[in-house]
Amino acid sequence: FETEEHTLRELRIFLREICKKLANNRLFYMFTKPVDTEEVPDYPTIIKQPMDLETMMTKVDFHQYECAKDFLNDIELIVQNALEYNPAKTSADKQIRHRACSLRDYAFTLIKNEMDSDFEDKCQDISKKR
Ligand SMILES: Cc1noc(C)c1-c1cc(NS(=O)(=O)c2ccccc2)cc(C(=O)O)c1
């Protein structure tokens, strides 16, 4: 059990670093905070499961990720929300869709390059058992 807690602690340290790198990239500024419903009043009528990088950092701290796959599922949620809410051919919508796709590629590549694959396997085994 102690080794499992140690493994999950290491995962949280790693995921905080990934979250910080993504949030510090100016390209992804609009994904760093929840979409402001004052600014975008119809957002909650269209997007039922909002997600953003600040919320993800809080989820790390609340032990709500037990493997990198769960973390990447929330990245994918940010991406899908942006694609759904911004479908138009306008340059503004195209730009946010492009940035959402870049966020996905950055996050998956960062994790693939910086994470030991058998470390992720160990985390997924722990997660499945719980
Ligand atoms: C994200 C998102 N999904 O749909 C839309 C639309 C956006 C989105 C929302 C905002 N305005 S905001 O007040 O909700 C906000 C500001 C700063 C960080 C996070 C959110 C700005 C932009 C933008 O492109 O600048 C985009």
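Residues numbered from 1 in each chain as written. Predicted model: local features only at pLDDT ≥ 70, side-chain atom pairs only at ≥ 80, totals over all residues. Heavy atoms only, no water.

## Some words on the packing of helix 4 (residues 68-85) against helix 5 (residues 91-114)
And step 1. At their nearest, the axes of helix 4 and helix 5 sit 8 Å apart, and the two run at 170° to each other. One finds that helix 4 runs roughly antiparallel with respect to helix 5. Side by side, helix 4 and helix 5 meet where Ala-68, Phe-71, Leu-72, Ile-75, Glu-76, Ile-78, Val-79, Gln-80, Ala-82 and Leu-83 of the first sit next to Ile-96, Arg-97, Ala-100, Cys-101, Leu-103, Arg-104, Ala-107, Phe-108 and Ile-111 of the second.
And step 2. For the contact of helix 4 with helix 5, a count of residues per class yields 15 nonpolar, one polar and three charged. (Axes fitted to C-alpha atoms, helices over the stretch in contact; angles between N-to-C directions. Helix = DSSP H or I, 4+ residues; strand = E, 2+ residues; numbered from the N terminus. Parallel < 35°, antiparallel > 145°, perpendicular 65-115°, else oblique. Contact = heavy atoms within 4.5 Å. Nonpolar A, V, L, I, M, F, W, Y, C, P; charged D, E, K, R; others polar.)

## Notes on the site of the ligand
And step 1. Around the ligand sit Tyr-29, Met-30, Lys-33, Pro-34, Val-35, Asp-36, Glu-39, Tyr-43, Tyr-85, Asn-86 and Ile-96, and those are all the residues in its vicinity.
And step 2. At 2.8 Å from an oxygen atom of the ligand is found a main-chain nitrogen or oxygen belonging to Asp-36.
And step 3. Between the ligand and Asn-86 there is a distance of 3.2 Å, counted from an oxygen atom to a side-chain nitrogen or oxygen.
And step 4. Taking 550 Å² as the accessible area of the ligand by itself, protein coverage stands at 74%.
And step 5. Because more than half of its atoms lie within 2 Å of the grid, the ligand is assigned to the largest pocket.
And step 6. By residue class, the composition of the shell around the ligand is seven nonpolar, one polar and three charged. (Near = heavy atom within 4 Å. Polar contact = N/O pair within 3.5 Å; in protein donor to acceptor, adjacent residues only side chain to side chain. Areas by Shrake-Rupley, 256 points an atom, 1.4 Å probe, with all protein chains shown as cover. 1 Å grid on protein atoms, 1.4 Å probe; cavity = no way out; pocket = protein on both sides within 12 Å on 5 of 7 lines; lining within 4 Å. Sits in = over half its atoms within 2 Å of the grid points.)

## Description of the side chain of Glu-4
And step 1. With respect to the helices and strands, Glu-4 occurs in helix 1 (residues 2-23).
And step 2. Among the polar contacts made by the side chain of Glu-4, one reaches the side chain of Lys-129 at a distance of 2.4 Å.
And step 3. What Glu-4 contacts, discounting residues up to four positions off in sequence, is Ile-126, Lys-129 and Arg-130.

## Let's talk about the layout of surface pockets
And step 1. In this structure, the largest pocket occupies an estimated 410 Å³ of space.
And step 2. What lines the largest pocket is a set of 19 residues, among which Met-30, Lys-33, Pro-34, Val-35 and Asp-36 lie closest to the centre.
And step 3. Residue contributions to the lining of the largest pocket peak at four residues, all from helix 4.
And step 4. Among the residues forming the lining of the largest pocket, the class breakdown is twelve nonpolar, three polar and four charged. (Points joined across faces, edges and corners; volume = space filled by probe spheres on them.)

## Here we look at the pattern of salt bridges
And step 1. Counting across every chain of the model gives eight salt bridges.
And step 2. With a shortest N-O distance of 2.8 Å, Lys-59 and Asp-74 are connected by a salt bridge. Of the two residues, Lys-59 sits in helix 3 (residues 53-61) while Asp-74 sits in helix 4, which places them 15 residues apart along the sequence.
And step 3. Exposure remark for Asp-74: the relative accessible area of 8% places this residue in the buried category.
And step 4. The closest approach of N and O atoms between Glu-76 and Arg-104, which form a salt bridge, is 2.9 Å. With a gap of 28 residues between them, Glu-76 in helix 4 and Arg-104 in helix 5 connect regions that are remote in the sequence.
And step 5. Accessibility expressed as a relative area gives 23% for Glu-76, which makes it partly exposed.
And step 6. Arg-104 sits in the partly exposed class, given a relative accessible area of 22%.
And step 7. Each of Glu-4, Glu-5, Lys-129 and Arg-130 takes part in salt bridges that share partners, so that together they form one network. (Salt bridge = Lys/Arg side-chain N within 4 Å of Asp/Glu carboxyl O. Buried < 20%, exposed > 50% of the residue type's maximum accessible area, 1.4 Å probe, protein only.)

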